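Chain by chain, the residues run as shown.
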Amino acid sequence: MLIRRPDDPDGILPSDITPRELYLDRRRFLALGAAGALMSADALAALSAKKSLYSTAEKINPLKDITSYNNFYEFGTDKEDPAAYSGAFKPRPWTVAVDGEVMKPRTFSIDELLKLAPLEERVYRMRCVEGWSMVIPWIGYPLSALLKLVQPTSRGKYVAFETVMRPNEMPGQRSRVLAWPYREGLRIDEAMHPLAILAVGLYGDVLPNQNGAPIRLVVPWKYGFKSIKSIVKIRLTEKPPATSWNLAAPDEYGFYSNVNPNVDHPRWSQARERRIGEFFKRDTLPFNGYGAQVAQLYRGMDLKVHF
Ligand SMILES: Nc1nc2c(c(=O)[nH]1)N[C@H]1C(S)=C(S)[C@@H](COP(=O)(O)O)O[C@H]1N2
Ligand SMILES: [Mo]
């Protein structure tokens, strides 16, 4: 990969810029040779992920789409805002506190999280409730690996997630578009499903700020908003946790929010979607095409009621 010097910014697109942390690691690596490998273990680990059998073979969106068309309201509500306004965000140092209904509550540093389980590349279809979709090569590991370590108790029936609160670095948090911090939740069996991952990178590199650095959730069978970014807290709870979008508009965003072409959002049909980069729309698939793997989680539930 090309390493640009800071004094040579010619022709750099925002999406081309290597995250600063990794850039510094690489520079150190180049300067120190083999010894540098130890110092840049995080960065290198992110680059040496195994390809996963859970990946779709569909065409991957270009890195530029993935890093320049984002929803991350902490940096603004327009799709271009996260790329434009996340430059001052500092994804290091970072910790994620895991507590609530667990036997072993624990705070993990980002370095511990990067090494918690073998990293895999998961190429997933992602489908936003607004009607667009992308195919993204995430790097991460199943959320279940982390949950098993903290040992949920029998009362741990749901998992609540919270994004970092940093109005100084996140201009969107200075306005009240959502009740900050951003919050999401899953039922424990959804959270333990092998398709639900914690992502720490994409496209063979650490996560860009606009995609949820340094660690985020990715749940490919649910609308994009369930995949919470820049996580700092995970809490196991007995009752379904409050979620930001459900609090903001309960008739529009339910707790489950499984991708479902048969249940329309009050303002948009969910029957079809536009893959970013394509002109013609395509049919949206139940559970975003992951039904064979996840439909059994919802057996006996009326998904029009539990939307
Ligand atoms: N903290 C936080 N997480 C978030 C959001 C957000 O505004 N804040 N937006 C969600 C929505 S609506 C979508 S579609 C996805 C987009 O992820 P991407 O930008 O990596 O494609 O992030 C989700 N996670
Ligand atoms: Mo979304």
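Predicted model, so just to flag it, every value in this text is computed and none were measured.

Novice: Hey, could you run me through the sheet that holds strand E11 (residues 231–237) in this one?
Specialist: Sheet strands associate in pairs through backbone hydrogen bonding, adopting either a parallel or an antiparallel arrangement. Read from one edge of the open sheet, five strands run E3-E2-E11-E6-E7, paired in mixed fashion. Two strands bound the open sheet, and with one partner strand each, they are strand E3 (106–109) and strand E7 (183–187). Strand after strand, the sheet turns through a mean of 15° between neighbouring axes, direction not considered. Two strands pair when backbone bridges link them, and strand E6 (residues 158–163) and E11 are joined in this way by six bridges, in the antiparallel orientation. Within the sheet, the bridge partner assigned to valine 159 lies in E11 and is leucine 236.

Novice: When you look at the site of ligand 1 in this model, what are you seeing that I'm missing?
Specialist: Taken together, 17 residues lie around ligand 1, and Asn70, Tyr73, Glu74, Arg216 and Lys229 are the ones closest in. Here a nitrogen atom of ligand 1 sits 2.8 Å away from a polar atom, N or O, in the side chain of glutamate 74. When isolated, ligand 1 has an accessible area of 540 Å², and the protein chains bury 95% of it. Of the residues that constitute the shell around ligand 1, the class distribution is eight nonpolar, six polar and three charged.

Novice: What's the story with the layout of surface pockets in this structure? I'm lost.
Specialist: In this structure, the second largest pocket occupies an estimated 510 Å³ of space. Of all elements in the fold, only strand E4 (120–127) and strand E5 (132–142) reach the threshold of two or more residues within the lining of the second largest pocket. At four residues, the largest contribution of residues to the lining of the second largest pocket is made by E5. Across the lining of the second largest pocket, the residue classes break down as 17 nonpolar, six polar and six charged.

Novice: Can you walk me through the UniProt feature "binding site: Mo-molybdopterin" (unreviewed entry) in the protein chain in this structure?
Specialist: Under the UniProt annotation, the feature "binding site: Mo-molybdopterin" (unreviewed entry) is placed at Asn70, Tyr73, Glu74, Cys128, Thr163, Asn211, Arg216, Ser227, Ile228 and Lys229. Checking the annotated residues one by one, the ones that line the second largest pocket turn out to be Asn70, Tyr73, Glu74, Cys128, Thr163, Asn211, Arg216, Ser227, Ile228 and Lys229. The residue glutamate 74 is located in the loop between helix H4 (63–68) and helix H5 (81–85) in this model. In this structure glutamate 74 touches Thr163, Met170, Pro171, Gly172, Gln173, Trp180 and Tyr182, once residues within four positions along its chain are discounted. For threonine 163, the location among the structural elements is in strand E6. The residues contacting threonine 163, other than those within four sequence positions of it, are Glu74, Pro181, Tyr182, Ile228, Lys229, Ser230, Ile231 and Val232.

Cut-offs applied
- Residues numbered from 1 in each chain as written.
- Chains lettered and ligands numbered in written order.
- Predicted model: local features only at pLDDT ≥ 70, side-chain atom pairs only at ≥ 80, totals over all residues.
- Heavy atoms only, no water.
- Pairing = 2+ DSSP bridges.
- Helix = DSSP H or I, 4+ residues; strand = E, 2+ residues; numbered from the N terminus.
- Axes fitted to C-alpha atoms, helices over the stretch in contact; angles between N-to-C directions.
- Near = heavy atom within 4 Å.
- Polar contact = N/O pair within 3.5 Å; in protein donor to acceptor, adjacent residues only side chain to side chain.
- Areas by Shrake-Rupley, 256 points an atom, 1.4 Å probe, with all protein chains shown as cover.
- Nonpolar A, V, L, I, M, F, W, Y, C, P; charged D, E, K, R; others polar.
- 1 Å grid on protein atoms, 1.4 Å probe; cavity = no way out; pocket = protein on both sides within 12 Å on 5 of 7 lines; lining within 4 Å.
- Points joined across faces, edges and corners; volume = space filled by probe spheres on them.
- UniProt positions renumbered as here; feature names shortened; annotations may be inferred.
- Contact = heavy atoms within 4.5 Å.

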